[in-house]
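Survey of secondary and tertiary structure
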Amino acid sequence: MLLVVAHGGSGGMQVQVGLLARGLIAAGCEVVVAAGPGHLDVGGAEVRRLPRLGARTAPGFARALRGVAADLSPDVVHAHGLRLAPFLALGPRRRSLVTCHGVDPDRLSRTARLVRASRVAVASCGEGPRRLLASHGVASRVLSNAVPEMPVPLDRGEIAARFGLDLATLLCVSPARLTEQKDPLTLVRALGLAPGVSGVLIGGGPLVGQVRAEVERLGIAARVVVSDWLDDARAVLAGADALALASVWEGQPTVVLEAMTAGVAVVATACPGTSDTVVDEVSGLLATPRDPRSLAGALDRARDETLRTRLAHGGLAQAVDHRLDVVVRQHLSAYRRLLSGDWP
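Residues numbered from 1 in each chain as written. Predicted model: local features only at pLDDT ≥ 70, side-chain atom pairs only at ≥ 80, totals over all residues. Heavy atoms only, no water.

Moving on to helix H13 (residues 324-340). With 17 residues, H13 should cover 24 Å at 1.5 Å per step; its first-to-last C-alpha distance of 24 Å lies within 8% of that length. Within the sequence span of H13, burial applies to Val327, Val328, His331, Leu332, Ala334, Tyr335 and Leu338. For H13, the angular spread of the buried residues around the axis is 165°, confining them to a single face. More than 90 degrees from the buried face of H13, the exposed residues found are Arg336 and Ser340. A positive backbone phi angle near 85° is found at Gly341, which sits one or two residues after H13. (Helix = DSSP H or I, 4+ residues; strand = E, 2+ residues; numbered from the N terminus. Expected span 1.5 Å × (residues − 1). Buried < 20%, exposed > 50% of the residue type's maximum accessible area, 1.4 Å probe, protein only. Arc of directions from axis to C-beta.)

This is how it looks when you write it as structure tokens:
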């Protein structure tokens, strides 16, 4: 199996590639990962490095990927991220598959045209992306994301002391890069409207300056901390009272599955992808995207410990379907269908 990703990093797609690589190896498959620059945790899988993918470097990226595929002659080439569909079209389509890990609705039409032109088999990581693609003439099959094993949670008191937060408030964590997609400004404004809630935004990113400036403007620096990515971010999440996520679109967010697995209540926006992963009032609380007041209301409700416990139990029950062994079996079945010509 050849798994392909445009670049490394700590994002959900890269986490999924690493999980799938380890799971396929455990299932007896030979796995090689072809990836652009950046760290990837892929267990024991061999990594073949590709050049950075950009407008000027696309030809070199294509040549390097063709070279890896020709050298390995894999049974299946499984790329992650729709931007890779045109590159798969240059190889044997019958053995090639690309998974959509979410698509920006503002770019959906153009993305769908490129994918249709590639004539490559498409999978979606959840019902939200599948429906969006189908609305633009791209048929796909759902291949769920897996959830990694969660680390031992940090003690709640340790989290509060580390970030200088008041233990009497609801301790929310948002491990997500500060990008337009994640809409951290709406989250900060929601926290400003919820005085009984503290928040730690972990991830850094292009909007970090704007987010920190907004925290200062609102006068909430005593209970809202903006941090770069932390190596123990998942342990911080596991010890928090709640996950807070304000995205405007997602695929099947790994961080939500991680919170569910850790028994942490989920408070998020009902954007495409998240609203198909979280069952409102059962495994989390959903608010209106880009609406600070709606999200603030959900965060304020999550201060109720009885409600959080009920949501955590709902999340734990739902996360079982995303165990790595379950997801690997689903992928292996999909690969057999792909090779037999039965797709989607």
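Here we have six strands laid out as an open sheet, ordered E10-E9-E8-E11-E12-E13, and parallel in their pairing. Of all strands in the sheet, those bounded by a partner on one side alone are strand E10 (224-228) and strand E13 (285-287). Sheet twist, expressed as the mean angle between neighbouring strand axes with direction ignored, is 20°. The sheet strands contacting helix H11 (residues 292-301) are strand E8 (170-175), strand E9 (197-203), strand E11 (242-245), strand E12 (265-269) and E13, and the helix crosses E13 at an angle near 160°. (Pairing = 2+ DSSP bridges. Axes fitted to C-alpha atoms, helices over the stretch in contact; angles between N-to-C directions. Contact = heavy atoms within 4.5 Å.)

For a regular strand, side chains alternate in direction, first toward one face of the sheet and then toward the other. Where burial is concerned, the two faces of strand E1 (residues 2-5) agree: the one with Leu2 and Val4 and the one with Leu3 and Val5 are both buried. Relative to strand E2 (residues 32-35), E1 runs parallel, the two sharing four bridges. Bridged to Val5 within E2 is Ala35. Following the backbone out of E1, through helix H1 (residues 12-26) and into the adjacent parallel E2, one traces a crossover that is right-handed. (Right-handed = clockwise from strand over helix to strand, strands pointing away.)

Two numbers describe how helix H7 (residues 184-192) lies on helix H8 (residues 208-218): the axes approach to 10 Å, and their chain directions differ by 15°. One way to sum up the angle between H7 and H8 is to call them roughly parallel. As H7 packs across H8, the resulting crossing turns out to be right-handed. Contacts between H7 and H8 pair Pro184, Leu185, Val188 and Arg189 from the former with Gln210, Val211, Glu214, Val215 and Leu218 from the latter. Residue classes in the contact of H7 with H8 are distributed as six nonpolar, one polar and two charged. (Parallel < 35°, antiparallel > 145°, perpendicular 65-115°, else oblique. Left-handed = near helix turned anticlockwise from the far one by under 90°. Nonpolar A, V, L, I, M, F, W, Y, C, P; charged D, E, K, R; others polar.)

The next point concerns unusual backbone geometry. The omega torsion of the bond from Trp343 to Pro344 falls at 0°, within 30 degrees of zero and hence cis. Mapped onto the elements of the fold, Pro344 is located in the segment after H13. A positive phi is found at Glu281, a non-glycine position, where the angle reads about 70°. Within the secondary structure layout, Glu281 lies in the loop between E12 and E13.

A complete count under the given rule lists 17 salt bridges for this structure. Among the salt bridges present, the one from Asp300 reaches Arg303, with a minimum N-O distance of 3.1 Å. The class for Asp300 is partly exposed, based on a relative accessible area of 38%. The salt bridge involving Asp325 is made with Arg323; its shortest N-O contact spans 3.0 Å. One continuous salt-bridge network, built from bridges that share partners, spans Glu46, Arg48 and Asp71. (Salt bridge = Lys/Arg side-chain N within 4 Å of Asp/Glu carboxyl O.)

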